[in-house]
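Spelled out from the first residue to the last, the chains are:
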Amino acid sequence: MDRRRFLQASLLSAAAAAAPESPLFADSPTPAPQAQPRKEQVDFGYAFAPPHRMTVARPEASEKTLLDLEPGLLTLSWSYDDLRTEPLCAFKTPRTGWRIKVRPLLDGKPFPHSNWRRGEDFLPMLDNLYSQPQGTIQLQAIGAATGALVRVRVKNSDSIAHRFSVVSEVVGGWINHNPAWIEPGVNPDALVAGASERPDRVLLFGAGADEFPVDKNSMTLEWTLKAGETRDGWLVRTYAAYEKDLAGLRKNNWSQEFETAKEEWKHLLGKAISIQIPDGGVRNAFYSCLGELFIMREPLAEGYVGMICGTEVYRGAAPIEPTLSAIALDQTGYHAEAANGLRVHLEMQEPDGNWDDPKGWNHHMWCTAGFKARAGMEHFRLTGDRSYLASLFPRLAASSRWQDAQRKKSRVSKGEGADAIYGLMPRGMGDGGLMNGTDYFGVFYTHNIMAVYADDLTVQAAEALGETGELAALRKIHDTAVNDLRAALRKGAIHEADYQWIPDSAGNLTGSRWGALYTLTPSGMLEPDDPLVMGTLKKIEHNISPGGQPVHTGWMEDGAWVACTLDYVAQAHLALGHGDTAISYLYSSLNHGTPLYTWCEERGQEPGSKKTSGDRQHLWTPVAVVLFLRNAMVMEQPDGLHLALGSARSWLRQGGAVGIRQAPTHFGDVSYRIESDLDKGVIRAEIEPPVREQPKQIVLHLRHPLRKPMQRVTVNGKPTQDFDAERELVRLAPGTETLKVEAFYQG
């Protein structure tokens with residue numbers, strides 16, 4: 001982008017942000033905050049400090065290779081263990097046992113400049129460049145059939161010859177070595193384990209170099225290049241190879257295997273819904289994060305396939321992030337993959353109905369049933385598969401009956417504070433920063449919100465299936481539970497000077513804000529204008545970091561949990577119709593990631609923060625990016641199907657186009673395209689509505705870059721008055737014919 005266009009984009013964003021937003025619900029007095037006047041630009045300006053991590057693997061593969069990037073250095077690390085032998089969904093993760101540091105050198109000295117990005121913009125592939133005026137070394141890594149492949153491309157840009165080297169050194173271990181260190185001339189192109197594994201196991205193999213200088217714990221590719229010369233070589237982190245296999249490895253066509261690996265990913269991601277966003281940084285984020293969902297899938301024990309919560313620390317299938325991932329996959333067109341990954345979580349239910357994984361990671365976390373129920377019901381709604389719902393319903397009903405039995409224990413409690421926990425689930429584990437003072441165990445509101453939501457979904461499933469025999473009893477369970485919870489929330493709320501908010505447990509100031517806004521969405525148990533909803537949103541947003549992130553949404557009191565910014569704060573603003581604020585949070589969240597479109601779990605506020613926690617490549621943020629962008633483009637609401645509710649204003653600058661194709665919704669697939677011709681004072685849209693079911697209405701949001709009001713609107717060439725200039729929307733009657741909308745603006 002040139003300077004003129006950059007300044008224009010910044011001014012447009014600031015102008016759009018200066019105007020207050022209107023609520024989505026016409027009868028709701030919901031106040032909307034001013035959107036932060038931040039640039040709608042992805043620049044990773046708040047990335048945390050290196051190392052930055054990405055993982056390469058084939059889709060849904062056990063063999064994963066962690067890549068850590070920092071100036072002048074790439075580290076490969078991995079485990080030969082995987083989840084096929086671990087207890088299902090337990091917090092028992094494979095140990096990362098092997099690390100190799102890769103250092104590119106020119107004439108024996110490190111390169112002064114290095115950078116990293118995703119290969120071909122969004123593939124699960126590393127593009128890592130080391131440069132100086134005399135030449136470059138480019139490392140491109142991808143997970144392939146034989147191993148993690150690193151293509152090494154060296155280029156001499158000088159007028160004289162130079163020596164280029166790539167030194168790969170094993171970190172730690174005892175007697176791992178280069179075989180030629182022991183027996184000169186024997187296999188200098190390999191590193192073998194020596195100990196802690198079968199001793200002849202090949203850790204790393206090299207190919208294509210002119211020379212392989214030998215040292216004890218390293219293998220080096222080396223070339224002396226003439227002026228202007230370019231050469232290629234390879235590093236291969238083999239999955240299962242031994243010294244006897246080296247002769248065959250030397251004959252392999254690594255270039256072909258590399259290209260095959262790329263095509264596998266392109267084919268897989270090509271099956272997703274197609275989104276059109278004129279901001280390449282956001283579009284690449286969507287497809288990068290979608291790829292992460294398949295990087296973080298792998299085989300589990302007992303023949304299951306599951307999603308992992310992180311690539312190292314949290315390499316296990318705890319059900320929260322994976323169930324959200326199932327929704328994201330369903331929403332983006334991967335229905336079979338969503339159902340297959342969700343299966344393990346649905347089937348981890350005890351005979352008594354306990355759906356909260358007493359034998360898994362989430363034992364005593366009473367929110368678990370809600371996440372499972374939500375993902376299962378979304379699969380039904382997005383596919384219309386009634387047979388799936390019929391198989392899900394007995395699990396939903398059993399869970400509701402079990403939860404009802406647990407709540408009865410607190411319906412007879414007496415004493416101080418009893419009203420604030422009356423009718424709630426018993427003492428359980430918090431997680432996510434939920435703390436009962438200094439105790440990890442307590443009666444936490446977030447978990448009860450999701451537990452009651454599970455009961456609501458049970459009732460909805462019974463109604464959809466016509467299960468009249470059980471409906472009355474299940475409805476009573478839900479109605480009693482939701483009334484008790486609403487009363488407990490009001491009793492346990494924290495009262496500030498002019499508002500009140502939902503803490504993590506009754507009257508407790510110490511815990512995080514995680515999940516309190518689930519009362520608005522997805523559960524809908526509190527109305528948008530409920531003082532607790534608005535007060536909780538105000539509390540969460542009373543402390544915003546310089547980079548635009550709410551502080552203390554998770555464990556870190558002075559830090560940001562970027563995933564939760566999108567998962568419930570930005571989603572709440574979408575549900576309230578605050579598109580500018582929601583999209584501001586998206587850009588902030590993307591810019592708190594790395595140029596690899598990866599995020600650690602939690603982190604400090606400042607750019608380059610060295611304070612991080614959890615996995616350096618955590619699942620929740622990529623899932624939240626996919627879910628947010630889908631809802632920004634297509635979102636089901638109580639009053640109908642909303643299109644482009646959260647699109648950025650800058651996306652509809654002159655000539656801009658926004659759209660989506662064949663996006664699954666609760667009503668069937670929908671496609672639309674919005675085109676901006678502001679020079680002629682018009683924005684056009686063409687919509688192919690869903691045909692499986694009819695929404696109450698289709699609501700098209702046309703978000704003018706300068707927030708100019710519509711003057712008149714036509715639908716299929718005929719004038720309509722069913723538009724709201726203030727709220728920038730057009731209401732369209734349901735039907736099956738293609739709708740062509742033109743909105744006209746002044747000047």
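Just above, that's the structure.
This is a predicted model, so every value here is computed, not measured.

Cut-offs and rules
- Residues numbered from 1 in each chain as written.
- Predicted model: local features only at pLDDT ≥ 70, side-chain atom pairs only at ≥ 80, totals over all residues.
- Heavy atoms only, no water.
- Helix = DSSP H or I, 4+ residues; strand = E, 2+ residues; numbered from the N terminus.
- Rg over C-alpha atoms; globule rule 2.2 N^0.38 Å.
- Contact = heavy atoms within 4.5 Å.
- Areas by Shrake-Rupley, 256 points an atom, 1.4 Å probe, with all protein chains shown as cover.
- Lys, Arg positive; Asp, Glu negative; His and termini not counted.
- Charge placed at Lys NZ, Arg CZ, Asp CG, Glu CD.
- Phe/Tyr/Trp six-rings, centres within 6.5 Å; stacked < 30°, edge-to-face > 60°.
- Buried < 20%, exposed > 50% of the residue type's maximum accessible area, 1.4 Å probe, protein only.
- Lys NZ or Arg CZ within 6 Å of the ring centre and 35° of its normal.
- Polar contact = N/O pair within 3.5 Å; in protein donor to acceptor, adjacent residues only side chain to side chain.
- Expected span 1.5 Å × (residues − 1).
- Salt bridge = Lys/Arg side-chain N within 4 Å of Asp/Glu carboxyl O.
- Pairing = 2+ DSSP bridges.
- Axes fitted to C-alpha atoms, helices over the stretch in contact; angles between N-to-C directions.
- Parallel < 35°, antiparallel > 145°, perpendicular 65-115°, else oblique.
- Nonpolar A, V, L, I, M, F, W, Y, C, P; charged D, E, K, R; others polar.
- Disulfide = S-S within 2.5 Å.
- Bend = angle between axes of the 7 residues up to and from the residue.

### What to know about the overall build of the protein chain
- Assigned secondary structure in the protein chain consists of 15 helices and 35 strands.
- Taking 27 Å as the expected radius of gyration for a compact globule of 747 residues, we find that the protein chain reaches 27 Å, a close match to that expectation.
- Taken along its principal axes, the extent of the C-alpha atoms in the protein chain is 80 × 65 × 50 Å.
- Of the contacts made within the protein chain by residues no fewer than 6 positions apart, 67% connect residues no fewer than 24 positions apart.
- By element, 50% of the accessible surface of the protein chain is carried by carbon and sulfur atoms, the whole surface being about 27400 Å².
- Averaged over its 79 positive side-chain charges, the protein chain has a centre that lies 2 Å from the centre of its 91 negative ones.

### A few points about the packing of aromatic side chains
- Applying the stated criterion to the full structure yields 19 aromatic pairs.
- Where Phe205 meets Trp254, the ring centres are 6.2 Å apart and the plane angle is 45°; that geometry is what we call tilted. Of this pair, Phe205 sits in strand 12 (residues 202–207) while Trp254 sits in helix 4 (residues 254–269), and the two are 49 residues apart along the sequence. Like Trp254, Phe205 is buried.
- Ring geometry for Tyr518 against Tyr568: centres 6.0 Å apart, planes inclined by 80°, an arrangement best described as edge-to-face. On the criterion of sequence distance, the pair formed by Tyr518 in the loop between strand 22 (500–501) and helix 12 (531–540) and Tyr568 in helix 13 (residues 562–576) is long-range, its members being 50 residues apart.
- A relative accessible area of 1% means that Tyr518 is categorised as buried.
- Look at Tyr568 and you get buried, because its relative accessible area is 0%.
- Within the aromatic cluster, the residues linked to one another by ring pairs are Phe371, Trp514, Tyr518, Trp561, Tyr568 and Trp620.
- Its guanidinium or amino end placed over the ring of Tyr242, Arg198 lies 3.8 Å from that ring's centre, counting from NZ or CZ.

### A closer look at the side chain of Arg118
- Structurally, the position occupied by Arg118 is in strand 6 (residues 113–118).
- A polar atom in the side chain of Arg118 sits 3.3 Å from the backbone oxygen of Leu123.
- In terms of polar contacts, Arg118 uses its side chain to reach the side chain of Glu292, at 2.7 Å.
- With near-sequence residues (within four places) excluded, Arg118 lies in contact with Met54, Leu123, Pro124, Met125, Asp127, Ser288, Glu292, Pro595, Leu596, Tyr597 and Thr598.

### What to know about helix 10 (residues 445–465)
- Along its 21 residues, helix 10 runs 30 Å from first to last C-alpha, staying within 8% of the 30 Å computed at 1.5 Å per residue.
- Judged by how many residues are buried, helix 10 sits mostly within the fold: 18 of 21 residues are covered.
- Once helix 10 finishes, Gly466 follows within two positions and takes phi at roughly 70°, a positive value.

### Concerning the pattern of salt bridges
- Across all of its chains, the model carries 50 salt bridges by this definition.
- With a closest N to O distance of 3.8 Å, Glu263 and Lys266 form a salt bridge. Note that Glu263 and Lys266 are positioned in helix 4 at a spacing of three residues, about one turn of the helix.
- On the accessibility criterion, Lys266 (34% relative accessible area) is partly exposed.
- One continuous salt-bridge network, built from bridges that share partners, spans Glu120, Arg151, Glu259, Lys262, Glu263 and Lys266.

### Things to note about the sheet that holds strand 30 (residues 698–701)
- Ordered by their spatial adjacency, five strands build an open sheet running 25-26-30-34-33, and the pairing between neighbours is mixed. Each edge of the open sheet is held by one strand with a lone partner, namely strand 25 (634–637) and strand 33 (723–724).
- Relative to strand 30, strand 26 (residues 640–643) is paired through three bridges, and the arrangement is parallel. Along strand 30, the bridge assignment pairs Leu641 with Ile698.
- Each of strand 25 and strand 26 touches helix 15 (residues 620–633); the most contacted strand, strand 25, lies at about 75° to it.

### Some points on the pairing of strand 30
- Burial of the side chains of strand 30 extends over both faces: Ile698 and Leu700 are buried on one face and Val699 and His701 on the other.
- Pairing of strand 30 with strand 34 (residues 729–732), which is carried by four bridges, proceeds in the antiparallel orientation. If you follow Leu700 over to strand 34, its bridge partner there is Val730.

### Looking at the pairing of strand 34
- Pairing geometry for strand 33 and strand 34, over two bridges, is antiparallel. What sits directly across from Asp724, in strand 34, is Leu729.
- In this structure, the hairpin formed by strand 33 and strand 34 is closed by a connection of four residues, where Glu728 is found at a positive phi of approximately 60°.

### Here we look at the packing of helix 6 (residues 320–331) against helix 8 (residues 368–383)
- It is the contact of helix 6 with helix 8, at a shortest axis distance of 9 Å, that shows an interaxial angle of 10°. Classified by the angle their axes make, helix 6 and helix 8 are roughly parallel. Residue-level contacts link Ile320, Thr323, Leu324, Ala326, Ile327, Asp330 and Gln331 of helix 6 to Phe371, Lys372, Arg374, Ala375, Glu378, His379, Leu382 and Thr383 of helix 8.
- Here the contact of helix 6 with helix 8 is built from residues that sort into seven nonpolar, four polar and four charged.

### Brief notes about the sheet that holds strand 28 (residues 670–677)
- Taking strand neighbours across the sheet as the criterion, the seven strands line up as 16-27-28-29-35-31-32 in an open arrangement whose pairing is antiparallel. Since the sheet does not close on itself, it has two edges, and those belong to strand 16 (274–276) and strand 32 (718–720), each with one partner. Averaged over neighbouring strand pairs, the angle between their axes works out to 20° when direction is ignored.
- Pairing of strand 27 (residues 657–663) with strand 28, which is carried by five bridges, proceeds in the antiparallel orientation. Each bridged residue has a counterpart across the sheet, and for Ile660 the counterpart in strand 28 is Tyr672.

### Considerations on the state of the cysteines
- One pass over the structure, following the stated rule, counts zero disulfides.
- Free cysteine Cys89: the closest other cysteine sulfur is in Cys309, separated by 8.9 Å.
- Classification of Cys309 by relative accessible area gives buried; the value is 2%.

### Some thoughts on helix 7 (residues 335–347)
- With 13 residues, helix 7 should cover 18 Å at 1.5 Å per step; its first-to-last C-alpha distance of 18 Å lies within 8% of that length.
- At Gly341, helix 7 shows its largest bend, some 30°.
- Listed in full, the buried residues belonging to helix 7 are Glu337, Ala338, Gly341, Leu342, Val344, His345 and Leu346.
- Looking at the buried residues of helix 7, the elements they touch are helix 5 (280–295), strand 17 (297–299), strand 18 (305–307), helix 6, helix 8 and helix 9 (386–407).

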